[in-house]
Amino acid sequence: MRAMPSLKIDHARYVVTLDPQRRIVQDGSILIDNGRISRVGKAAELADAPADRVIDARHMVVTPGVVNGHMHISYAHAVRGIFPDDVGSPLQHVFNLQMAMTEEEEHATSLLGIVELLKNGTVCFVDPGSTKYPDACLQAYQDAGIRVILGDGVTDQPAPFPLPRYETAQAVSRTAAFLKSWHGRLNGRVRAWAMPFSLETCSAELLRALKRLADDHGTSLTLHHGSGAKARQECQARLQSPSPTQYLESIGVLGRNVVLAHVLGLDDAEIDCMARTGATAAMCPVTATKGGRGVGEHGRLPELLAKGVKVALGCDSPNNSNHLDIVRALNMAAIQYKDARQDMKLVPAETALELATLTGAQALGVGDEIGSLEPGKKADLVLFDTQRPEWQALFNPINNLVYNADGRSIHTVIVDGRVVIDAYRQTFVDEPRLYSRVQEIGEKLLARTGVSFPRSRWPIV
């Protein structure tokens, strides 16, 4: 295989390494060879190191690329923002819309989602089984250069909304075939996981079988998961277990390769259960707040972190958080508990950045490869442009990034040593043409499904 061109990030204003010492290198440089970081240090130390391309980063803050641990990418851009604030849960409509999409439509909407993710610094995302036509989307993953974790979303029990439901044996065989076919594609940038939808929609037999498959294939499993007083009462009555999380442990469906998504409403015993088994979490702070889920009562991020549980952040979907900007999500994670608990010391800015980078990558089982800027790791990194008003004045780059900035100041994104966003631009798709196509898809999808809401509470004239 032909070696990739070498790349040098030179004279960065700050390099936020997320290495074990959490060093921030002022006037720093990074050398990238064949897709991996070979050196990180002071610009003066790397002055004699040549490269095929040199990026002048003197006005940049360089960080690891961010990871998005829970991202339904495949449908919502075409109908983004259609649900009024008072509609309540839109899930019934959401899954009807998703199930009605064609291959070509899903490819277009997924491509737009990837554009938004990359421009906001995401180098790796988890789609928890909602993409119906991954073969149709493979070209988008390849062209964009992003890392993708996906699976075949399955259930074998009734659900309150339309989900792919199969006989248990069929769901297991579909998952096995998906793992065999997809894991490791695109030189390892695609990973395949087992993806049961939730405890409520999957039998114990199915959950155990999918956990065994994940173990056997050296991969992971994710599912939607929550708790709370009502869920614990129902679990005690239906499953004779104190809580949903303890039930998963009792049937052998927790472990270091299991990512529980959302995890609102957990009690202390459930958090202990996750810590004991090594299970990780993907939390969606903007979705929780926008959905009025009661973060003050049900959000337990500080307690999860205090117990050593690894947590990633997610954006959920463009009709839940409504944006795919993990920088905004980490800002929400940093501020919502300060307010809810009236304690400014909770979730410091440094912790929030870790959730989006190294800790998040560890939660997704990819922390050995990405999440920090260290020699030997994959070259996945982001350059923030500090020549913007929201970055002024700059003394503490972590505080500025977490509390001032958002993804709009991301100038350059590099994945696997390849520049995929270059001076705010990407080259893998004609964006205006794609925007027009997705708008057209949305109009047709709403007409085809009969889903209808007023375009605005205010008159459009």
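Refer to the structure above for everything that follows.
Bear in mind that the values here come from a model prediction, so they are computed numbers and not experimental data.

How each quantity is defined
Residues numbered from 1 in each chain as written. Predicted model: local features only at pLDDT ≥ 70, side-chain atom pairs only at ≥ 80, totals over all residues. Heavy atoms only, no water. Buried < 20%, exposed > 50% of the residue type's maximum accessible area, 1.4 Å probe, protein only. Helix = DSSP H or I, 4+ residues; strand = E, 2+ residues; numbered from the N terminus. Pairing = 2+ DSSP bridges. Phe/Tyr/Trp six-rings, centres within 6.5 Å; stacked < 30°, edge-to-face > 60°. Lys NZ or Arg CZ within 6 Å of the ring centre and 35° of its normal. Axes fitted to C-alpha atoms, helices over the stretch in contact; angles between N-to-C directions. Contact = heavy atoms within 4.5 Å. Polar contact = N/O pair within 3.5 Å; in protein donor to acceptor, adjacent residues only side chain to side chain.

Q: Just give me the short version of the pairing of strand 5 (residues 60-64), but keep the residues and values in it.
A: Each regular strand carries side chains that alternate between the two faces of the sheet. Counting buried residues in strand 5 gives 5 out of 5 residues, a clear majority hidden from the surface. In this sheet, strand 5 lies alongside strand 1 (residues 7-16) in parallel orientation, the contact comprising 2 bridges. Residue pairing across strands places Val15 opposite Val62, the latter belonging to strand 5. In terms of strand pairing, strand 5 meets strand 16 (residues 381-385) through 5 bridges, oriented antiparallel. Its bridge partner being in strand 16, Val61 is matched across the sheet by Phe384.

Q: Requested: an account of the packing of aromatic side chains, with residues and values cited.
A: Under the criterion given, the structure shown has 6 aromatic pairs. Look at Phe83 and Phe453: their rings are 5.4 Å apart centre to centre, the planes differ by 75 degrees, and that puts the pair in the edge-to-face class. With Phe83 in the loop between strand 6 (66-68) and helix 1 (91-99) and Phe453 in the segment after helix 16 (431-449), this residue pair connects regions lying 370 residues apart in the sequence. Residue Phe83 is classed as buried on the basis of its relative accessible area, which comes to 13%. Measuring from centroid to centroid gives 5.8 Å for Phe95 and Phe197, while their planes differ by 80 degrees, and the two rings are edge-to-face. Of this pair, Phe95 sits in helix 1 while Phe197 sits in the loop between strand 11 (195-196) and helix 5 (204-216), and the two are 102 residues apart along the sequence. Given a relative accessible area of 6%, Phe95 falls into the buried group. The residue whose ring lies beneath Arg185 is Trp182, and the NZ or CZ to ring-centre distance is 4.1 Å.

Q: Let's hear about the sheet that holds strand 13 (residues 258-262): which residues, and what values?
A: Within a sheet, neighbouring strands are paired by backbone hydrogen bonds and run either parallel or antiparallel to one another. One open sheet accounts for 4 strands, arranged 12-13-14-15; its pairing is parallel. The sheet terminates laterally at strand 12 (221-225) and strand 15 (311-313), the two strands that pair on one side only. Strand-to-strand, the axes of this sheet are offset by a mean angle of 25 degrees, without reference to chain direction. Sheet analysis places strand 13 next to strand 14 (residues 280-283), joined by 3 bridges and oriented parallel. The residue bridging Val259 from the neighbouring strand is Thr280, located in strand 14.

Q: Summarise the environment of Gly228; cite the residues concerned and give the values.
A: Checked against the element boundaries, Gly228 lands in the loop between strand 12 and helix 6 (229-239). For Gly228 and Glu297, which are 69 residues apart along the polypeptide, the C-alpha to C-alpha distance reads 9.5 Å.

Q: Hey, could you go over the sheet that holds strand 10 (residues 190-192) for me, with residue numbers and the actual values?
A: Spatial strand order, 6-7-8-10: 4 strands in an open sheet with parallel pairing. This sheet does not close on itself; its edge strands, each paired only once, are strand 6 and strand 10. The mean inter-strand angle of the sheet, taken between neighbouring strand axes irrespective of direction, is 15 degrees. As defined by bridge partners, strand 8 (residues 147-150) adjoins strand 10 across 3 bridges and the pair is classed as parallel. For Val148, the partnering residue across the bridge sits in strand 10 and is Val190.

Q: Could you give an account of the environment of Val413, with specific residues and numbers?
A: When you line up the elements, Val413 lands in strand 17 (residues 410-415). The spacing of Val413 and Gln362 is 51 residues in sequence and 20 Å in space, taken between C-alpha atoms. If we skip the residues at most four places from it in the chain, Val413 touches Leu118, Gly121, Val123, Leu381, Val382, Arg418, Val419, Val420 and Ile421.

Q: Can you tell me about the side chain of Thr219, naming the residues and giving the values?
A: Within the secondary structure, Thr219 is located in the loop between helix 5 and strand 12. For Thr219, a relative accessible area of 6% puts it in the buried group. At 2.6 Å, the side chain of Thr219 forms a polar contact with the backbone oxygen of Ala192. Other than its neighbours up to four places away in sequence, Thr219 contacts Leu179, His183, Ala192, Trp193, Ala214 and Asn257.

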